[in-house]
Amino acid sequence: MSSRRLLASLGALALLLAACSPQYPESCPSSKPIGLANAHEIADDDNLPFRFPLGEFANDSTFLCCWFGVSNECTPEIKDCYEYPVLLFHAAEDYWGPAGTPVYAMADGHMSFSGTAGGYGWLILIDHPQTNLYSLYGHLSPSRWRLESGTEVKRGDLIAYLGDSDENGGSKEHPVQTHLHFGIRAGQTADYPLKGEWRFMAGWVRLCPQDLGWLQPSLVITSQEIPAGGYPQPRVAFWTRWGFELLITSILAVGAVGLLINGVRKKHRFLPLFPGICAVAAGIVLHNRMKFTYALIVVGIFILAIGIYCFIRRSVQRG
Ligand SMILES: [Zn+2]
């Protein structure tokens, strides 16, 4: 392909992406936690559908971050803000608590994820099919006991402990104040992709959190009425929700096949090894319980086998 044609294609792709990218808001409705003064009473009442994930709602004067829908811009009210080139909104509520504070499941459910995840330190996600919600518990302790993925939990079960400031997504140089990042979203984790604005692990988002299905946690926790049929998910086009993920996967998959064809044709020694690795990596990285990512891994292993065969044959021929 000539360099002029390549530039024209890249320009067209950039224009297409710009045209498709959503209009990001400059502000979103935000609200401080509501009704948590008697959080411990909600915790103790087994007749209520949900419970507060900590023993009680407390805030220490040095901790003031972040309530639902608030932006990451530094203001006198937000002490734990961080400067970031993109304006983001908080899709959860943060509750202060010392390291080692026990964290409890807000309702019966299935633990779909329990593991380390970027800035969260240890992260836990629980699906609650009976109310069509999932809950997200971030900044937990990787060094203390916690429940494993796949566990069925009951409302109020101990699931993990809050992490120390150097293991909860922070480090010795950049500690993160000990707190629980608690999110609640309509739908189940499998209803959302791993990548992009709609990703199921999102803590800070560029669109208003409620437009992505995130709910204000304290409002849900203190509510006693659950909508019939569970909490409704936001209605958006399939491409809006999954587009970014599908785009990355397609580029990787097409690239893998292209590399393979080129590597086999030009009798390159190492080139045939990369497409398989590329496809397997795409499948693993994008693994989100969508069936096609498993297919991608299988296809990737197949391509990798061809690559290894080519590599061994050419090594023998040359040796
Ligand atoms: Zn947070």
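Here is what the cut-offs are and how they apply
- Residues numbered from 1 in each chain as written.
- Predicted model: local features only at pLDDT ≥ 70, side-chain atom pairs only at ≥ 80, totals over all residues.
- Heavy atoms only, no water.
- Helix = DSSP H or I, 4+ residues; strand = E, 2+ residues; numbered from the N terminus.
- Buried < 20%, exposed > 50% of the residue type's maximum accessible area, 1.4 Å probe, protein only.
- Contact = heavy atoms within 4.5 Å.
- Areas by Shrake-Rupley, 256 points an atom, 1.4 Å probe, with all protein chains shown as cover.
- Patch = residues over 30% accessible without salt bridge, like charges linked within 9 Å, V, L, I, M, F, W, Y side chains within 5 Å.
- Salt bridge = Lys/Arg side-chain N within 4 Å of Asp/Glu carboxyl O.
- Donors = N, O, S within 2.8 Å, 3.2 Å for Na, K, Ca; no water.
- pLDDT = per-residue confidence, 0-100.
- Pairing = 2+ DSSP bridges.
- Phe/Tyr/Trp six-rings, centres within 6.5 Å; stacked < 30°, edge-to-face > 60°.
- Lys NZ or Arg CZ within 6 Å of the ring centre and 35° of its normal.

## Looking at the overall build of the protein chain
Now for step 1: Scanning the protein chain for helices and strands turns up six helices and 11 strands.
Now for step 2: Relative to its 319 residues, the protein chain shows a buried fraction of 45%.
Now for step 3: The long-range fraction of contacts in the protein chain, counting pairs at least 24 apart against all pairs at least 6 apart in sequence, stands at 67%.
Now for step 4: A total of about 16,400 Å² of accessible surface is found on the protein chain, and carbon and sulfur atoms cover 62% of it.

## Focus on a nonpolar patch on the surface
Now for step 1: Among the surface-exposed residues, W239, L247 and I251 lie close enough to one another that they form a single nonpolar patch of about 320 Å² accessible area.
Now for step 2: Within the element layout of this structure, L247 appears in helix α4 (residues 238-265).

## Looking at the coordination of the zinc ion
Coordination angles at a metal have ideal targets, namely 109.5 degrees for four tetrahedral donors and 90 or 180 degrees for six octahedral donors.
Now for step 1: The coordination sphere of the zinc ion, as far as protein atoms go, consists of H90 (NE2), D94 (OD), D94 (OD) and H181 (ND1), spread over 2.1 to 2.7 Å.
Now for step 2: Spacing between the donor residues of the zinc ion along the chain follows H-x3-D-x86-H. The pair formed by H90 and D94 is uniform in burial state, with each residue classed as buried.

## Quick word on the confidence of the model for the protein chain
Now for step 1: Predicted confidence across the protein chain gives a mean pLDDT of 84, with 87% of residues reaching 70 or more.
Now for step 2: Element-level mean pLDDT values for the protein chain span from 65 in helix α1 (residues 3-20) up to 98 in strand β11 (residues 214-215).

## A short note on the pairing of strand β6 (residues 133-140)
Now for step 1: Among the eight residues of β6, eight are classified as buried, and the element is accordingly described as predominantly covered.
Now for step 2: Direction of pairing for strand β5 (residues 122-128) relative to β6: antiparallel, over a ladder of six bridges. Across the sheet, residue I124 finds its bridge partner in β6, namely Y137.
Now for step 3: Between β5 and β6, which pair antiparallel one after the other, the connecting turn spans four residues, and N132 there sits at a positive phi close to 55°.
Now for step 4: One ladder, built from six bridges, connects β6 with strand β9 (residues 179-186); its direction is antiparallel. Within β9, the residue paired with G138 across the bridge is H181.

## Some remarks on the pattern of salt bridges
Now for step 1: If you walk through the whole model with that rule in mind, you get four salt bridges.
Now for step 2: K154 serves as the salt-bridge partner of D108, at 3.6 Å between the closest nitrogen and oxygen. On the criterion of sequence distance, the pair formed by D108 in the loop between β3 (102-104) and β4 (109-116) and K154 in the loop between β7 (152-153) and β8 (158-161) is long-range, its members being 46 residues apart.
Now for step 3: Among the residues examined, D108 registers a relative accessible area of 27% and is labelled partly exposed.
Now for step 4: Among the salt bridges present, the one from E167 reaches R144, with a minimum N-O distance of 3.2 Å. Of the two residues, E167 sits in the loop between β8 and β9 while R144 sits in the loop between β6 and β7, which places them 23 residues apart along the sequence.

## Regarding the packing of aromatic side chains
Now for step 1: Counted under the stated rule, the structure contains nine aromatic pairs.
Now for step 2: Between the aromatic rings of Y134 and W214, the centroid separation amounts to 5.9 Å while the plane-to-plane angle is 65°, which identifies the pairing as edge-to-face. Separated by 80 residues along the polypeptide, Y134 in strand β6 and W214 in strand β11 bring together distant segments of the chain. For the pair shown, Y134 and W214 are each scored as buried.
Now for step 3: Arranged with centres 5.3 Å apart and planes meeting at 45°, the rings of Y137 and F182 form a pair that is tilted. Residue Y137 is found in strand β6, and its partner F182 is found in strand β9; the two are separated by 45 residues along the sequence. No difference in accessibility class separates Y137 from F182, as the two residues are buried.
Now for step 4: One Lys or Arg, R146, reaches over the ring of W122 and ends 3.9 Å from the middle of that ring.

## Section: the environment of L207
Now for step 1: Here L207 lies in the loop between β10 (204-205) and β11.
Now for step 2: Exposure remark for L207: the relative accessible area of 16% places this residue in the buried category.
Now for step 3: Excluding its chain neighbours within four sequence positions, the residues that come into contact with L207 are P22, Q23, Y24, P25, C28, F89, E197 and L212.

## Observations regarding the side chain of S218
Now for step 1: Relative to the helices and strands, S218 resides in helix α3 (residues 217-222).
Now for step 2: Judged by its relative accessible area of 0%, S218 is buried.
Now for step 3: When sequence neighbours within four positions are dropped, the list of residues in contact with S218 reads P33, I34, L36, E93 and Y95.

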